[in-house]
Amino acid sequence: MEDLSDIRHEIDDIDNAILDLFQKRMDCAERVAAYKRTNNLPVLDRSRERAHMAALADKAPEDLRTYTEVLFQLLMEASRARQGKRLAAEHAPKALAAIDQACETTADLFPREAYVACQGVEGAYSQFAADRIFKHPLISYFESFEGVFRAVETDFSRYGVLPIENSTAGSVNKVYDLMMQHDFHIVRTTRVKIDHNLLAKPGTTVEQIHDVYSHEQAINQCAGFIERMGLTPHVVENTAMAAKSVADSDRTDVAALSSRACAQLYGLDVLMRDVQDRDDNYTRFACISKQLEIYPGADRTSLMIVVNHRPGTLFKALAKFYALDINIIKLESRPIPGRDFEFMFYFDVECPVTAPEFRTLMATIGDACEECRYLGSYSEVL
Ligand SMILES: O=C(O)C(=O)C[C@]1(C(=O)O)C=C[C@@H](O)C=C1
């Protein structure tokens, strides 16, 4: 019979060797983190993990395969946690320093006149929002939301105005998805009351209309009306573009769901007013900029975070807000492209940028998530 203490000695030697290798592996993780920080890559690389795990499981003896998987899952999780902590530790002071600097260097007054990028054409609701945010916006129109992000990123326009959510139809998913792919900051938000109207060429009657054109969100906000009237909806890029295309069309059985201002702009008649399903129909717009600008009175902050794909991780992030008594006014989740059912969470929180709890939040939120991106602090103008 073997002596137990001899076997235990052998185990001790093996464990010491494993510990040595574990330290070496964790050092590699730190180097990967440095590389990822320089190259702006996320900590989690699910496809690398999957391929690596499959290769290891393949090499393991059949009866040890499951244990092998459990062991390497744990190692990779520890590696991710170490990388996340390291990046968060570097990120938090940098983010706070950037916030302090922006508070110091941003002008006291929000500009009244500026070059602003909007999606659509003249008469778009984004134009109303831009008019509300700036007294005299010099607007360039872009066909897509992506065009607006690019105009800001390339300094073509100092600001961009984008719709982010509607009180009836919910979030503008396309804009949230583009947020993941672009560098920008939020400097203001505003709310615009939306009234949709049925616009057609002069002389057209309601009975003649079969097809109705508008933006997807407007069609959703008027879904009940469209059904009651037996109309066929067609999605176009923008409500003002819909009005323009009806004005340009030779057909007399088409109408647009757009603002009353579009009727005047494009020479159309208002056949029916306020056809949206709910009267309290508002859209929130965000004003974005390339540089971080924080104007006095900023009392809201937007953040994007990614949490580990494990039970309780989102709860831990939410607990940070709860512990600091910071109210979350919006939480949106969007799938991360190329990742298997993993999500980016967008938070809008209510807290003055000068409040101590805001600083604590910014200094510690990184501990509860894998990635955290600060989008800006601003106020909402009504
Ligand atoms: O290879 C990487 O990109 C790493 O960050 C290392 C590592 C690992 O520990 O093996 C950790 C996190 C990634 O999700 C993938 C793999």
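All residue numbers refer to position in the chain's written sequence, counted from 1. Thresholds applied to this predicted model are a pLDDT of at least 70 for local features of residues and 80 or more for the giving and counting of side-chain atom pairs; totals over whole chains, interfaces and linings are not thresholded and use all residues. Just so you know, side-chain values use all the structure's heavy atoms and leave hydrogens and water out.

A. Spatial organisation of the site of the ligand. Taken together, the neighbourhood of the ligand is formed by Arg 25, Val 32, Lys 36, Val 43, Leu 44, Asp 45, Arg 48, Glu 49, Met 76, Ser 79, Arg 80 and Gln 83. Pairs of N or O atoms are called polar contacts if they sit within 3.5 Å, as long as, within protein, a hydrogen donor faces a hydrogen acceptor (for residues adjacent in sequence, only side-chain-to-side-chain pairs). Residue Arg 25 places a side-chain N or O atom 2.9 Å away from an oxygen atom belonging to the ligand. Between the ligand and Gln 83 there is a distance of 2.8 Å, counted from an oxygen atom to a side-chain nitrogen or oxygen. At the level of secondary structure, the elements contributing two or more residues to the shell around the ligand comprise helix H1 (4-38), helix H2 (46-59) and helix H3 (65-105). Helix and strand definitions here come from DSSP, where helices need a minimum of 4 consecutive H or I residues and strands a minimum of 2 consecutive E residues; each element is numbered from the N-terminal end. The dominant element in the shell around the ligand, judged by the number of residues it contributes, is H3, at four residues. Taken together, the residues that form the shell around the ligand break down as four nonpolar, two polar and six charged. Residues are counted as near a molecule or strand when any one of their heavy atoms sits within 4 Å of it. Classes in brief: Ala, Val, Leu, Ile, Met, Phe, Trp, Tyr, Cys and Pro nonpolar; Asp, Glu, Lys and Arg charged; the others, Gly included, polar.

B. The packing of H2 against H3, seen in detail. In contact at an axis separation of 9 Å, H2 and H3 are set at 145° when each is read in the N-to-C sense. Seen from above, H2 lies across H3 with right-handed handedness. Contacts between H2 and H3 involve Glu 49, His 52, Met 53, Leu 56, Ala 57 and Asp 58 from the first element and Arg 65, Thr 68, Glu 69, Phe 72, Gln 73, Met 76 and Arg 80 from the second. Here the residues of the contact of H2 with H3 are counted per class, giving five nonpolar, three polar and five charged. With axes taken as lines fitted to C-alpha atoms, and helix axes fitted only over the stretch in contact, angles between N-to-C directions fall between 0 and 180 degrees. Left-handed describes a crossing whose near helix is turned anticlockwise from the far helix by less than a right angle; the clockwise case is right-handed. We call two residues in contact when some of their heavy atoms are within 4.5 Å.

C. The arrangement of the side chain of Asn 166 in detail. Along the polypeptide, Asn 166 turns up in strand E3 (residues 159-166). Exposure categories follow from relative accessible area, calculated using a 1.4 Å probe and restricted to protein chains: below 20% of the type maximum is buried, above 50% is exposed, and the middle band is partly exposed. With a relative accessible area of 4%, Asn 166 lands in the buried category. Within the structure, the side chain of Asn 166 is placed 2.9 Å from the backbone oxygen of Tyr 282, a separation counted as a polar contact. Not counting residues up to four positions away in its chain, the partners in contact with Asn 166 are Ile 194, Gln 217, Gln 221, Asn 281, Tyr 282 and Thr 283.

D. Molecular detail of the packing of aromatic side chains. For Phe, Tyr and Trp, where Trp contributes only its six-membered ring, two rings pair if their centres lie within 6.5 Å, and the inter-plane angle classes them as stacked under 30 degrees, edge-to-face over 60, or tilted in between. Evaluation of the coordinates by the stated rule reveals nine aromatic pairs. Judged by centre distance (5.9 Å) and plane angle (35°), the rings of Phe 110 and Tyr 159 are tilted. Of this pair, Phe 110 sits in the loop between H3 and strand E1 (113-119) while Tyr 159 sits in strand E3; the two residues are 49 residues apart in sequence, bridging distant segments of the chain. Residue Phe 110 is classed as buried on the basis of its relative accessible area of 12%. Taken together, the aromatic side chains of Phe 110, Phe 134, Tyr 159 and Tyr 295 make up a single cluster linked through ring pairs. Sitting over the face of the ring of Phe 110, Arg 188 holds its NZ or CZ atom 4.3 Å from the ring centroid. In this structure, Arg 191 packs its charged tip against the face of Tyr 282, placed 4.9 Å from the ring centre. Note on criteria: charge over ring means Lys NZ or Arg CZ within 6 Å of the ring centre, with the direction from the centre no more than 35 degrees off the ring normal.

E. Up close: the UniProt feature "domain: Chorismate mutase" (unreviewed entry) in the protein. UniProt positions are given in the numbering used here, feature names are shortened, and annotations may be inferred rather than shown by experiment. UniProt annotation of "domain: Chorismate mutase" (unreviewed entry) refers to residues 1-87 when read in the numbering used here. Taken end to end, residues 1-87 has its terminal C-alpha atoms 52 Å apart, with 83% of it in helix and 0% in strand.

F. Up close: the pattern of salt bridges. Salt bridges are counted wherever a side-chain nitrogen of Lys or Arg sits within 4 Å of a carboxyl oxygen of Asp or Glu. All told, the structure shown has 23 salt bridges when counted by the stated rule. A salt bridge links Glu 165 to Arg 284, with the shortest nitrogen-to-oxygen separation between them at 2.6 Å. Placement of the pair is Glu 165 in strand E3 and Arg 284 in strand E11 (residues 282-289), with a sequence separation of 119 residues. On the basis of relative accessible area, Arg 284 is assigned to the buried category, the value being 10%. The partner of Asp 211 in a salt bridge is Arg 251, with the nearest N and O atoms 2.7 Å apart. One end of the pair, Asp 211, is in strand E7 (residues 211-215); the other, Arg 251, is in the loop between helix H9 (239-248) and strand E9 (254-258), with 40 residues separating them in the sequence. One network of salt bridges, in which partners are shared, links Glu 165, Arg 191, Arg 284, Arg 300, Lys 330, Glu 332, Asp 348 and Glu 380.

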